[in-house]
Amino acid sequence: MRVMVQDRINLGTMRAYANGMRNALSHGLNGKPYGRWWKVYQKAGQGSVIHQANGKRRQIYGFNSSMGYVYSLLREKKVGKDVCLVAYFYENPEQAEAGKDPLKKVIFSKKENSRWKDLERPEDCCQGKRKGAEQFGRACLGQLGAGDFDFGPGKILPQGSVRIGFPGEPIYVSGFKKYAGRMVWGRIVARLKDGGWKIVWVAVPDRWGRVCGTLDYGNYLFSTANGKERAITWLVTYIRTRASGAYLQKRIRGVRLSIYVSDRILPKEVFSVTEEFGQRFKIVSFWESENDWREGVPPFAKRYITFRPTIVPNAPWQFFWERLDNHTAFRQLLREGMIARQELEDVLNGISGKHSEVFPVIDKLFVSSS
């Protein structure tokens, strides 16, 4: 369907749509809906359509960046005490005709003293919890493309967090205090795991987004994740020549973490997902791309990254930058009384179900000595 749409929409038809939209917003619809296609533009992983009015270009976000075009029906509708022109966005006209829930609803114009007045900035009717519930629900059903949910713009609150509406309760993403008052965009990725949906946060891939993403990643590493996973990219650097080997590097809370990756040739950045086990250890795994992760390709490298000596409430986490098979590091934890033998054995047994590299550690620490 999308290929056919792209084939028949050209610059002339897009101009006609824009002119029809301007006319509808200025003179109303006389009770008849106005349908049109919009081109979805991609920037920094965000999908948006562009509305031009009063000599200004306004971007409307909240669409999956993989969509080539989206379809809207503009209708006259009463919103509160106002009569408004509201655009209902769908993937195609068929969904609109079938009465499907729209991807989003946007108010473009309001009637004042029998005259239509364009809004300086279109208003999203699905902001907050309802927007999160509707769009995330579609993401989980695959209707927005592989479980992606792009959110934003959202204002960073004075305490440095962003509120994202979500089914059941809102989610607050912290770590942005330095940027309080600014607007931020982001992406949530959902995947089916152990019979339920797990949330993976992906930082927006622009310079400011990288800074915020790294700050937020640090907060994630040093707090209890309660089953949430976190995705983030790592820079790749090469020593002397490409054949000499690559290093994955990330500076977190003043500590530079680095992995040497033999003679593997990698892109400029690699994709990582961090997960938590037993509220005691976090493990980060690396793929060449997000696509590899989605398709189930085994990661090419893994590391423990943080460790929590006790699970009492508010207990601090600390760096634990070790290979998964480094039994010496675990012996040191036992010697220093950082974790009890049975607790460690239980956690490592849980980890070994997903990471077979842990088996040699269990063997050397517990099996061989018993």
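Source: prediction; values computed, not measured.

Trainee: Break down helix 7 (residues 327–335) for me, citing the residues and quoting the values.
Mentor: By the burial criterion, the buried members of helix 7 are His 327, Ala 329, Phe 330 and Leu 333. Buried residues along helix 7 cover an arc of 155° about the axis, so they all sit on one side. Residues of helix 7 that are buried in the fold lie against strand 18 (281–287), strand 19 (301–307), strand 20 (318–322), helix 8 (341–352) and helix 9 (359–367).

Trainee: Account for helix 9, naming residues and giving values.
Mentor: Inspection of helix 9 places Val 361, Ile 362, Leu 365 and Phe 366 among the buried residues, and these make up the whole buried set. Down the axis of helix 9, the buried set is contained in an arc of 95°. They therefore lie on one face. Contact partners of the buried residues in helix 9: helix 7 and helix 8.

Trainee: Describe the packing of helix 8 against helix 9, naming the residues involved and giving the relevant values.
Mentor: At a minimum axis separation of 9 Å, helix 8 and helix 9 run at an interaxial angle of 155°. Here helix 8 lies roughly antiparallel to helix 9, going by the angle between them. The element helix 8 and its partner helix 9 pack so that their crossing is left-handed. Contacts from Arg 341, Leu 344, Glu 345, Leu 348, Asn 349 and Ser 352 in helix 8 reach Phe 359, Val 361, Ile 362, Leu 365 and Phe 366 in helix 9. By residue class, the composition of the contact of helix 8 with helix 9 is 7 nonpolar, 2 polar and 2 charged.

Trainee: How would you explain the packing of aromatic side chains if you had to name every residue and give the values?
Mentor: This structure, assessed with the given rule, holds 18 aromatic pairs. Ring plane angle 10° and centroid distance 5.9 Å describe the contact between Trp 234 and Trp 321, whose orientation is recorded as stacked. Highlighted residues: Trp 234 in strand 14 (residues 229–238) and Trp 321 in strand 20, separated in sequence by 87 residues. Taking relative accessible area as the criterion, Trp 234 reaches 0% and is therefore assigned buried. A relative accessible area of 22% means that Trp 321 is categorised as partly exposed.

Trainee: Tell me about the pattern of salt bridges, and name the residues and values.
Mentor: All told, the structure shown has 8 salt bridges when counted by the stated rule. Arg 323 is paired through a salt bridge with Asp 325; the nearest N and O atoms lie 3.0 Å apart. When salt bridges with common partners are traced through the structure, they connect Asp 82, Lys 110 and Glu 123 into a single cluster.

Trainee: Report on the environment of Ile 351, specifying residues and quantitative values.
Mentor: Here Ile 351 lies in helix 8. The class of Ile 351 is buried, set by a relative accessible area of 0%. With 70 residues separating them in the primary sequence, Ile 351 and Phe 281 have C-alpha atoms 9.3 Å apart. Those residues in contact with Ile 351 that lie beyond four places of it in its chain are Phe 277, Phe 281, Ile 283, Tyr 304 and Val 358.

Trainee: Describe the confidence of the model for the protein chain, and please don't skip the residues or the numbers.
Mentor: When the pLDDT values of the protein chain are averaged, the result is 76; 71% of them are 70 or greater. Here residues 127–147 is modelled with pLDDT under 50, and outside its nearest four sequence neighbours on either side it reaches 56 contacts, counting other chains as well. Across residues 204–208, confidence stays below pLDDT 50; counting only partners more than four residues off in sequence or on other chains, it has 13 contacts.

Trainee: Explain the packing of helix 7 against helix 9 residue by residue, including any values.
Mentor: A pair of packed helices is characterised by two quantities: the angle between their axes and the separation of those axes. Where helix 7 contacts helix 9, the axes come no closer than 9 Å and their chain directions differ by 45°. On the basis of their axis angle, the class for helix 7 and helix 9 is oblique. In the crossing of helix 7 with helix 9, the sense of the turn from one axis to the other is right-handed. Of the residues in helix 9, those in contact with His 327, Phe 330, Arg 331 and Leu 334 of helix 7 are Val 361, Lys 364 and Leu 365. Each residue belonging to the contact of helix 7 with helix 9 can be placed in one class, and the counts come to 4 nonpolar, 1 polar and 2 charged.

Trainee: Break down the sheet that holds strand 7 (residues 104–112) for me, with residues and values.
Mentor: Ordered by their spatial adjacency, 5 strands build an open sheet running 1-5-6-7-8, and the pairing between neighbours is antiparallel. What marks the edges here is a single partner per strand, and that holds for strand 1 (34–39) and strand 8 (115–124). Each adjacent strand pair in this sheet contributes to an overall mean axis angle of 30°, direction not counted. Here 9 bridges tie strand 5 (residues 69–79) to strand 6 (residues 82–90), and the two strands are oriented antiparallel to one another. Paired with Leu 73 across the strands is Tyr 88, a residue of strand 6.

Reading the values: the criteria
- Residues numbered from 1 in each chain as written.
- Predicted model: local features only at pLDDT ≥ 70, side-chain atom pairs only at ≥ 80, totals over all residues.
- Heavy atoms only, no water.
- Buried < 20%, exposed > 50% of the residue type's maximum accessible area, 1.4 Å probe, protein only.
- Helix = DSSP H or I, 4+ residues; strand = E, 2+ residues; numbered from the N terminus.
- Arc of directions from axis to C-beta.
- Contact = heavy atoms within 4.5 Å.
- Axes fitted to C-alpha atoms, helices over the stretch in contact; angles between N-to-C directions.
- Parallel < 35°, antiparallel > 145°, perpendicular 65-115°, else oblique.
- Left-handed = near helix turned anticlockwise from the far one by under 90°.
- Nonpolar A, V, L, I, M, F, W, Y, C, P; charged D, E, K, R; others polar.
- Phe/Tyr/Trp six-rings, centres within 6.5 Å; stacked < 30°, edge-to-face > 60°.
- Salt bridge = Lys/Arg side-chain N within 4 Å of Asp/Glu carboxyl O.
- pLDDT = per-residue confidence, 0-100.
- Pairing = 2+ DSSP bridges.

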